[in-house]
Amino acid sequence: MKPFDYVKPASVAEAIRMAGEPGSAILAGGTNMLDLMKVGATQPDRLVDISRLPGLDRIEWRNDGSVRIGALVRNSDLAYDDRFAKHFPAVAEALLSGASAQLRNVATVGGNLMQKTRCAYFQDKGSACNRREPGSGCDALHGENRLHAVIGWSDQCIATHPSDFCVPLAALDAVVEVEGPEGQRTIPLEMLHLLPGNAPEQQTALQPGELIVAVTLPAEASSFSSHARYLKLRERTSYAFAVVSAASLLTIESGVITEARIALGAVAAKPWRAKEAEAALQGVAPSPEAFVRAAELALAEAKPSGDNAFKIELARRILVRALTLASEGTPAEMPALPGSVLSAHTGANHVA
Ligand code: SF4
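For clarity, every value in this text was computed on a predicted model and none was experimentally measured.

Membership of the largest hydrophobic core comes to 41 residues, with the highest contact counts inside it found for Leu 113, Leu 169 and Leu 217. For this core, the leading source of residues is helix α5 (residues 89-96), giving 6 residues. Residues from two domains meet in this core; each of domain 1 (59-114 + 161-221) and domain 2 (222-328) gives at least three. With near-sequence residues (within four places) excluded, Leu 113 lies in contact with His 161, Phe 165, Cys 166, Leu 169, Val 176, Leu 189, Leu 192, His 193, Ile 212 and Val 215. Counting 33 residues, the second-largest nonpolar core is a separate cluster that includes Phe 291, Ala 298, Ile 312 and Leu 323.

What follows is about the sheet that holds strand β5 (residues 67-70). Within the open sheet, the 5 strands sit side by side as β4-β5-β8-β6-β7. Their pairing is antiparallel. Two strands lie at the open edges of the sheet, namely β4 (59-61) and β7 (183-188), each paired on one side alone. With strand direction ignored, the average angle separating the axes of adjacent strands in the sheet is 25 degrees. In the sheet, strand β6 (residues 175-180) pairs with strand β8 (residues 211-217) via 5 bridges, with the strands oriented antiparallel. Bridge pairing in β8 links Val 178 to Ile 212.

Taken together, 14 residues sit near the ligand, with Cys 119, Cys 129, Cys 138, Cys 157 and Ile 158 positioned nearest. Among the detected pockets, the ligand sits in the largest cavity. When the residues that make up the shell around the ligand are grouped by side-chain class, the tally is 10 nonpolar, 3 polar and 1 charged.

We now examine the side chain of Lys 232. Relative to the helices and strands, Lys 232 resides in strand β9 (residues 228-233). A distance of 2.8 Å separates the side chain of Lys 232 from the backbone oxygen of Ser 97, its partner in a polar contact. At 2.8 Å, the side chain of Lys 232 forms a polar contact with the backbone oxygen of Ala 240. If we skip the residues at most four places from it in the chain, Lys 232 touches Ser 97, Gly 98, Asp 164, Ala 240, Phe 241, Ala 242, Val 244, Ser 245, Gly 339, Ser 340 and Val 341.

Cut-off values and rules
- Residues numbered from 1 in each chain as written.
- Predicted model: local features only at pLDDT ≥ 70, side-chain atom pairs only at ≥ 80, totals over all residues.
- Heavy atoms only, no water.
- Core = buried A, V, L, I, M, F, W, Y, C linked by side-chain atoms within 4.5 Å.
- Buried < 20%, exposed > 50% of the residue type's maximum accessible area, 1.4 Å probe, protein only.
- Helix = DSSP H or I, 4+ residues; strand = E, 2+ residues; numbered from the N terminus.
- Domains from an automatic or database assignment.
- Contact = heavy atoms within 4.5 Å.
- Pairing = 2+ DSSP bridges.
- Axes fitted to C-alpha atoms, helices over the stretch in contact; angles between N-to-C directions.
- Near = heavy atom within 4 Å.
- 1 Å grid on protein atoms, 1.4 Å probe; cavity = no way out; pocket = protein on both sides within 12 Å on 5 of 7 lines; lining within 4 Å.
- Sits in = over half its atoms within 2 Å of the grid points.
- Nonpolar A, V, L, I, M, F, W, Y, C, P; charged D, E, K, R; others polar.
- Polar contact = N/O pair within 3.5 Å; in protein donor to acceptor, adjacent residues only side chain to side chain.

Structural data, given as structure tokens:
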């Protein structure tokens, strides 16, 4: 591993100043950053350790019903917060379907948002990768690409974003709070991650030196709590990234869907919000036909980037299933295998 400096700022202001210096990288839980450093895919000159910064590890409920989640809140602490899980069950389900219990105990909210693609070529210094080294090419285009993107990709990069957590956050209009050299600003989570276009190395909308300090869910987001599911299809039952995933959130009154929120995971370089599908469900009764139609709309732009046409049909089917389960109601208890299509039955035991 390349030698690097290690600094530990005492305040957000100090962290921003340090992070703005060329060659710096931010360290929080380190579950992704340290792996990338070990294989040489990331080689910072300086690690800015923000893991003990005061004030960023709180879940704050505001009087208007919104909730502000500090960037250093651990994934497991958020998922097991009773009030949070009750108001935002699909977010808790997504969090608990990610990684392993040990990793969730360490990984942070901000780090989850900022994690890098798990494209194997990105992590292999010997491979061409425009995202890691601009202009070098993309070995995934003609390589092993069955898990790569089917929406929003370019011939410069076909990687996907690996987060489960970000998928329901995008559906629920979460907002990212950022502080940087120019002050504070907010970014809709849906706008945080960038599609590759001609500059896949620009993975997020953050500017140099900017730091995520919190994520906010608006009060309206909890109105979906009675009909909210996150489903994730993976190649083994746990501790695996999604092949495809779907967050499905509905409000239903008198047998009619009054509002729908849908986002897909592992299909693009960002969590993919499906607004046309959402609009098609508004004002209709839940039915297999309505859900199939919504899934067709959600994947209307999809096209294979390689040996992955199967993901398009898989994503349609996962979305239909997620919508069906959401329409039946959020389980009173978290499924034994959160997010898993194998634990679709309601009433399964919660495993803490
Ligand atoms: Fe790199 Fe993107 Fe190509 Fe993967 S898909 S090798 S991350 S440019």
